[in-house]
Amino acid sequence: MNRRIAANRSKAQPASAVAPRNRGSARAWREQHLASAASSLRRIAARPFATALTVTVLSLALALPLLFWLLLDNARQLGGSFDNAGAISVFLKPHADAEAIAARLRTRAEIASVELKTPEQGLEEFRSQSGFADALKVLRYNPLPAALIVNLRPDAGEPAAASLVDELGRDSAVDLVQYDAQWRRRLSAILALVARTADVLAAVLAFAALLVIGNTVRLDIQGRAEEIEIMQLLGASDGFVRRPFLYTGLWYGVFAGLLSVTLIGIVEAALAGPLAQLTASYGERFSVHGLAPSGMFAVLGASAALGWLGAWLTASRHIALGQPH
Amino acid sequence: MIRFEHVSKRYASGHDALAELSFELAPGEMAFITGHSGAGKSTLLKLIALIERPTRGQIVVGGRNLADVRRRGIPEVRRSVGMVFQDHRLLLDRSVFDNVAMPLVIAGASREEVAKRARAALDKVGLLARERTQPAALSTGEQQRVGIARAIVSKPAVLIADEPTGNLDPQLSAEVMALFGEFQQVGTTVLVASHDLPLVKRMGKRVLVLDHGRLIDDYRPGPGANA
């Protein structure tokens, strides 16, 4: 038994003689990265004022487009709550025969369904959804006309809808035709414009963040020029020299991300009261959401990546200058 | 170990630092480079460490032609050459130990390995007791010895030194030179630039004399003169 173990051990030796070296160098690599991360953290902590200033500027650059996006996301949700927007609302004149018109429309090929809303139903709906229930109480008679909600077949297409709207508009029994798709298109166009603006703003501010990080790291590199030169003379690779600066950028990014998430939290808290009043007055028909936890992590990740990238761009440019070509 | 073949170096300013320089240093050999200031001593050492590139000619170090070394390969060449500078070039915000350990950290050695070898190097130059000290608290001679410990800590095959005793008094200079002699005895190829002729003569080693970038004398001591 003992002999077999001894034999196995001696056989295993050539392999294990190599393994510790690889393990050792992987560990040395890990140790170096940890040491770099820690020393970079100590360095930026040693200049609290300059660091706070940089981090604040960065976090504002991050928070601004984020607030924009949040606003936009809420607006989209609001737009989505008008699920009937593909329908054509036909408001009839008083005393028009709503049933007959509805029956006539139902026979048409491009129409999927026709819903009849009596003045009583309309008033009830208005009362419950508009938030003007108290004002409606003072009315002595129902001012609402009968209405037809005409739903087109999904495959009907815009020209069919337009010609139907046109035809209904000329009908003597029809007071007003409202085709919601039109303003819905406008709303979505406006939202798309705002979304694009937010994207452009985010890109510009991300670029500004890169410049801020790059400039901070550049100053750091200049301040440590002698140290860098000595390390290069001792045979440090560009990657080795660059590493502490990359961690510096990473830390700036992480702290800016944390601060921008906090800033957004503060804005959300500040708006929570007035928003609650507003949604309550609309009978809670819509809600406003803030930044989700997954969004917070995404912000942190993006911010850290931005910090790393800004530092990398600067460090790669400035550190290479120390070597002959 | 080190071979120069018709090496010329002209700086961008138009100054000819070296002209048609050829010599060879065998493995484990020790030599001094002397000459007036501006004769090209520092340039010669800079070419070995790839701090500068020659304008013409070939330099082979440890069997490797330096002309074939691209920018990315420079760090590897420098890691194989120990360098000692006149102004020692220590990092003043780090301890003596951290300074000496730097080449090993750069080479990616593990923490135990770094600690073991850095202490061995410090012991070799007689400064093990000062490992936690900041370099600024040391005397000039001690700082230079820290610089030497840093140069030999990763056991390079080649050790070059540019005026290592330039700032030292005669007795410290002699001690530092004796240290270089010890490294030669363990097989390191040593090349020292110095204008301290009396000291160089006392060492009894090969001496290359430069004048305006040209090799005007290659003095080899006879057998027995080797101290």
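Because the structure is predicted, anything quoted here is derived from the model rather than measured.

What counts and how
- Residues numbered from 1 in each chain as written.
- Chains lettered and ligands numbered in written order.
- Predicted model: local features only at pLDDT ≥ 70, side-chain atom pairs only at ≥ 80, totals over all residues.
- Helix = DSSP H or I, 4+ residues; strand = E, 2+ residues; numbered from the N terminus.
- Buried ≥ 20, exposed ≤ 12 C-beta atoms within 10 Å, placed from the backbone.
- Contact = placed C-beta atoms within 7 Å.
- Nonpolar A, V, L, I, M, F, W, Y, C, P; charged D, E, K, R; others polar.
- Pairing = 2+ DSSP bridges.
- Axes fitted to C-alpha atoms, helices over the stretch in contact; angles between N-to-C directions.
- Domains from an automatic or database assignment.
- Parallel < 35°, antiparallel > 145°, perpendicular 65-115°, else oblique.
- Left-handed = near helix turned anticlockwise from the far one by under 90°.
- Expected span 1.5 Å × (residues − 1).

Regarding its fold elements, chain A presents ten helices and four strands. If you list the helices and strands of chain A from N to C, you get α-α-β-α-β-α-α-β-α-β-α-α-α-α. Looking at the 325 residues of chain A, the share that counts as buried comes to 24%. Summarising the internal contacts of chain A: among those between residues at least 6 apart in sequence, 87% fall at separations of at least 24.

Let us look at the interface of chain B and chain A. The interface is formed by 21 residues belonging to chain B together with 19 residues belonging to chain A. The greatest single-element share of the side of chain B that touches chain A, amounting to five residues, is contributed by helix H2 (residues 74-79) of chain B. Considered class by class, the residues forming the side of chain B that touches chain A number eleven nonpolar, two polar and eight charged.

A few words now on the sheet that holds strand E10 (residues 214-219) of chain B. As a general point, the strands of a sheet are linked pairwise by backbone hydrogen bonds and lie either parallel or antiparallel. Residue and element names in this part refer to chain B. A sheet is described by the order of its strands in space; here six strands give the open sequence E6-E7-E8-E3-E9-E10, paired in mixed fashion. Of all strands in the sheet, those bounded by a partner on one side alone are strand E6 (81-84) and E10. Along the sheet, successive strands turn relative to each other by an average axial angle of 20°, direction set aside. Looking at chain direction, strand E3 (residues 30-34) and strand E9 (residues 206-211) are connected through four bridges and run parallel. Its bridge partner lying in E9, Ala31 is registered against Arg206. Each of E3, strand E7 (158-162) and strand E8 (189-193) touches helix H6 (residues 170-185); the most contacted strand, E8, lies at about 155° to it.

Before going further, it helps to spend a moment on the domain arrangement of chain A. Note on interface size: it is often stated as the accessible area lost on association of the parts. The domain architecture assigned to chain A consists of domain 1 (36-81 + 186-322) and domain 2 (94-172). Relative placement of domain 1 of chain A and domain 2 of chain A: their C-alpha centres are 50 Å apart.

Residue and element names in this part refer to chain B. One open sheet holds the four strands; their spatial order is E2-E1-E4-E5, and the pairing between them is antiparallel. Both outer strands of the open sheet, strand E2 (16-25) and strand E5 (64-65), are each paired with one neighbouring strand and no more. By the bridge criterion, six bridges tie strand E1 (residues 2-10) to E2 in an arrangement that is antiparallel. Counterpart to Phe4 in the pairing with E2 is Phe23.

The next point concerns unusual backbone geometry. All names here are of chain B. Of note in this structure, His6 is not a glycine but carries a positive phi near 50°. As for its placement among the helices and strands, His6 is situated in strand E1. Exposure remark for His6: the 12 C-beta atoms within 10 Å place this residue in the exposed category. Of note in the backbone geometry, Arg89 takes a positive phi value of approximately 50° without being a glycine.

Here we take up the packing of helix H9 (residues 238-281) of chain A against helix H10 (residues 293-319) of chain A. All names here are of chain A. Two elements in contact, H9 and H10, have axes whose closest approach is 7 Å; the angle formed by their N-to-C orientations is 150°. With respect to their mutual orientation, H9 and H10 come out roughly antiparallel. As for how H9 packs across H10, the hand of that crossing is right-handed. Counted by class, the contact of H9 with H10 contains 20 nonpolar, nine polar and two charged residues.

Another point: H10(A). The α-helix advances 3.6 residues per turn, and as a result positions three or four apart in sequence lie on the same side. Helix length check: H10(A) (27 residues) gives 38 Å between terminal C-alpha atoms against 39 Å at 1.5 Å per residue, within 8%. Within the sequence span of H10(A), burial applies to A:Val299, A:Ser303, A:Ala304, A:Leu306, A:Gly307, A:Trp308, A:Gly310, A:Ala311, A:Thr314, A:Ala315, A:His318 and A:Ile319.

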